[in-house]
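# Structure at a glance
Listed below are the residues making up each chain.
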Amino acid sequence: RKEVEQDPGPFNVPEGATVAFNCTYSNSASQSFFWYRQDCRKEPKLLMSVYSSGNEDGRFTAQLNRASQYISLLIRDSKLSDSATYLCVVNKYSGNTPLVFGKGTRLSVIA
Amino acid sequence: DAGVTQSPTHLIKTRGQQVTLRCSPISGHKSVSWYQQVLGQGPQFIFQYYEKEERGRGNFPDRFSARQFPNYSSELNVNALLLGDSALYLCASSSEPGQGNSPLHFGNGTRLTVT
């Protein structure tokens with residue numbers, strides 16, 4: 001099983017739609033979880049951290065399910081500017097260990 | 001404030017050659033990490049340095065080496081280049097030694113093409 005797995009997509013959705021991405025991770029000891037966004041031929045940028053209780057930032061909601069070892073990202077009211085690749089990121093083990101990136105899920109929001 | 005800066009932005013090398021990539025972290029950040037991103041894949045961890053000491057190493061061959069300088073800038077060296085080394089090399093800085101404790105701030109990357 002890969003350390004971090006994501007559906008590569010692409011997800012093609014119309015403006016205003018709600019879209020959800022899931023990600024699974026293999027190591028139950030992982031403690032830090034993030035979603036990064038990467039635009040085409042650009043560097044990844046932190047979108048949001050994922051907390052155990054779930055967290056929301058505007059139109060974006062992140063959830064963590066430790067029992068099932070998956071993380072989700074929900075985007076409401078999609079904008080054209082949301083088109084990007086969304087990278088699920090988990091630390092390799094507990095504590096100060098390197099971050100492991102998934103392959104990313106590509107989202108295209110269509111007018 | 002300047003973000004993470006990497007140089008050069010693009011590089012073309014031939015097989016067997018050696019390459020040095022450079023990175024300057026955000027001012028005040030003492031941790032630098034290097035990642036390799038092959039087209040269609042997520043970034044793969046290569047090295048992390050904090051306070052000039054190696055804190056982590058990914059699953060890369062010994063042809064890959066790095067160091068961090070007293071001013072916290074860093075270099076990534078790759079010897080005996082292979083075609084498969086063609087990738088975007090990303091440098092990221094953070095304020096904490098652990099990558100899970102503070103966000104990674106990435107530079108624009110160096111796009112290396114090996115022919």
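Our subject is the structure that appears above.
Read on for a plain summary of the structure. (Residues numbered from 1 in each chain as written. Chains lettered and ligands numbered in written order. Predicted model: local features only at pLDDT ≥ 70, side-chain atom pairs only at ≥ 80, totals over all residues. Heavy atoms only, no water.)

## Some thoughts on the overall build of chain A
Here is the rule: A run of DSSP states H or I qualifies as a helix once it reaches four residues; a run of E qualifies as a strand once it reaches two. Both are numbered from the N-terminal end. For a compact globule the rule gives 2.2 Å times the number of residues to the power 0.38, and the radius of gyration it is set against comes from C-alpha atoms. Partly exposed residues are those whose accessible area sits between 20% and 50% of the maximum for their type, while under 20% is buried and over 50% is exposed, using a 1.4 Å probe and protein chains only. Here, two residues are considered to be in contact whenever any of their heavy atoms come within 4.5 Å of each other. For every accessible area listed, the method is Shrake-Rupley and the probe measures 1.4 Å; residues are considered covered only by the protein chains on display. His is not counted here, nor are the chain ends, while Lys and Arg score as positive and Asp and Glu score as negative. For this purpose, a charge sits on NZ of Lys, CZ of Arg, CG of Asp or CD of Glu.
In terms of regular secondary structure, chain A is built from zero helices and eleven strands. Helices and strands appear in chain A in the N-to-C order β-β-β-β-β-β-β-β-β-β-β. Since a compact globule built from 111 residues should have a radius of gyration of about 13 Å, the 13 Å found for chain A is in line with a globular shape. Expressed as lengths along the three principal axes of its C-alpha atoms, the size of chain A is roughly 40 × 30 × 20 Å. Here chain A, with 111 residues, has 47% of them falling under the buried criterion. The contacts in chain A between residues at least 6 apart in sequence include a share of 57% that link residues at least 24 apart. Total accessible area on chain A is roughly 5,400 Å²; 47% of this is exposed by carbon and sulfur atoms. Across chain A, 13 positive and 10 negative side-chain charges occur, with their mean positions spaced 5 Å apart.

## Quick notes on unusual backbone geometry
Look at the link from Gly9 of chain A to Pro10 of chain A: it is a cis peptide, with omega at 10°. Its place among the elements puts Pro10 of chain A in the loop between strand 1 (4–6) and strand 2 (11–14). Cis geometry marks the peptide bond from Ser7 of chain B to Pro8 of chain B; its omega dihedral reads -10°. Assignment of secondary structure puts Pro8 of chain B in the loop between strand 1 (5–7) and strand 2 (10–13). For Arg41 of chain A, which is not glycine, the phi torsion reads 60° and is therefore positive. Among the structural elements, Arg41 of chain A can be located in the loop between strand 4 (33–38) and strand 5 (44–49). Arg41 of chain A gets classed as exposed once you look at its relative accessible area, which sits at 59%. The backbone of Glu51 of chain B shows a phi angle near 50°, a positive value even though the residue is not glycine. By relative accessible area, which is 29% here, Glu51 of chain B ends up partly exposed.

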